[in-house]
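# Survey of secondary and tertiary structure
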Amino acid sequence: MTPEEFVRQLETDRTLAVVRASGIPDAAGLCHALASGGIRSVELTFTTPDALTHVRRAADTAAEHGAAIGIGTVLTADQAKAAIDAGAQFLVTPGLRPEVAEVAVRAGIPFSLGAMTPTEVAQALDLGSAAVKIFPARQLGPVYLKDLQGPYPGIKLLPSGGIDASNAKGYLDAGAAAVCCGTSVVPPAAVAAGDWADISARAAAFTGALT
């Protein structure tokens, strides 16, 4: 997946699912459930036990479920290299991580660096971030995204944190390329239990609220 393809998929689906859980019984089943509900970009995280195993399982079965699998909470160059080796198609960081960006650029893998201030946004763009993750978005709300587009016209913003079906459209209307959805769509307990029907229904309800 190229950076352009990554952004295009985000803008088409308008969301990316961020999965944090105590365990994932079958990453392929999880990806299928999310893709069935209209969410084809799935971010597993290094805070989930055995994250690389789950990424590898999801990547190996991509032809079956149709989701793009990435990994988030990437903090170091070694984590970035391991994620790419496991088959991750994109990387996400919670803040500015130049060493992660360097690995991703070298590998031709799209990535989204976390930023909050206008200065951090500029640094993320300079480092090659395909979309800039605004985190934690709930602190300043949708109007902040609109403000950022003054000095940074055309920027691809990916707000994360505190976003659910009740407020997601507000971020999109303010100019976000897509929004991150978390526990409202992938509750840790449902993920750990492998309740794919529940997660698929949640994904469909969330994507339905974006139009």
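As a starting point, this report considers the structure included with it. Worth saying up front: this structure is predicted, and the values here are computed from it rather than measured.

So, about the layout of surface pockets. Of the volumes computed, that of the largest pocket is approximately 270 Å³. Lining the largest pocket we find 14 residues, and of these Val 18, Ser 160, Gly 161, Gly 182 and Thr 183 sit closest to its centre. In terms of residue class, the lining of the largest pocket is built from 6 nonpolar, 5 polar and 3 charged.

Attention shifts here to the pairing of strand β3 (residues 68–72). Most of β3 is tucked away, with 5 of its 5 residues classed as buried. Where burial is concerned, the two faces of β3 agree: the one with Ala 68, Gly 70 and Gly 72 and the one with Ile 69 and Ile 71 are both buried.

As for its placement among the helices and strands, Gly 108 is situated in the loop between α6 (98–107) and β5 (111–112). Sequence separation between Gly 108 and Phe 90 is 18 residues, and the spatial gap between their C-alpha atoms is 9.5 Å. Those residues in contact with Gly 108, other than ones at most four positions away along the chain, are Met 1 and Pro 3.

Attention now goes to the side chain of Thr 207. Structurally, Thr 207 can be placed in helix α11 (residues 196–208). For Thr 207, the side chain forms a polar contact with the main-chain oxygen of Ala 204, separated by 3.1 Å. Sequence-distant contacts of Thr 207, defined by excluding residues within four places in its chain, comprise Thr 15, Gly 37, Gly 38 and Ile 39.

Considering the arrangement of structural elements, one finds Ser 41 in strand β2 (residues 41–45). Ser 41 sits in the buried class, given a relative accessible area of 1%. A distance of 3.1 Å separates the side chain of Ser 41 from the side chain of Gln 9, its partner in a polar contact. Apart from the residues within four sequence positions on either side, Ser 41 is in contact with Gln 9, Leu 10, Thr 15, Leu 16, Ala 17 and Ala 68.

Once that is clear, we can look at unusual backbone geometry. In this structure, the amide linkage connecting Phe 135 to the following residue, Pro 136, adopts the cis form with an omega of -5°. Residue placement: Pro 136 occurs in the loop between β7 (132–134) and α8 (142–148). We note that Arg 14 has phi near 70°; this positive angle belongs to a residue other than glycine. Structurally, Arg 14 is set in the loop between α1 (3–13) and β1 (15–18). The class of Arg 14 is partly exposed, set by a relative accessible area of 27%. Positive phi, normally seen in glycine, also occurs at Thr 73, with a value near 55°. Locating Thr 73 in the fold gives a position in the loop between β3 and α5 (77–85).

This part is about the environment of Ala 192. Tracing the backbone shows Ala 192 in helix α10 (residues 188–193). Relative accessible area serves as the criterion here: at 36%, Ala 192 is assigned to the partly exposed category. Between the alpha carbons of Ala 192 and Thr 12 there is a distance of 28 Å; along the sequence they are 180 residues apart. Ignoring sequence-local partners within four residues, the contact set of Ala 192 consists of Ser 22, Gly 23 and Pro 25.

Rules of the game
Residues numbered from 1 in each chain as written. Predicted model: local features only at pLDDT ≥ 70, side-chain atom pairs only at ≥ 80, totals over all residues. Heavy atoms only, no water. 1 Å grid on protein atoms, 1.4 Å probe; cavity = no way out; pocket = protein on both sides within 12 Å on 5 of 7 lines; lining within 4 Å. Points joined across faces, edges and corners; volume = space filled by probe spheres on them. Nonpolar A, V, L, I, M, F, W, Y, C, P; charged D, E, K, R; others polar. Buried < 20%, exposed > 50% of the residue type's maximum accessible area, 1.4 Å probe, protein only. Helix = DSSP H or I, 4+ residues; strand = E, 2+ residues; numbered from the N terminus. Contact = heavy atoms within 4.5 Å. Polar contact = N/O pair within 3.5 Å; in protein donor to acceptor, adjacent residues only side chain to side chain.

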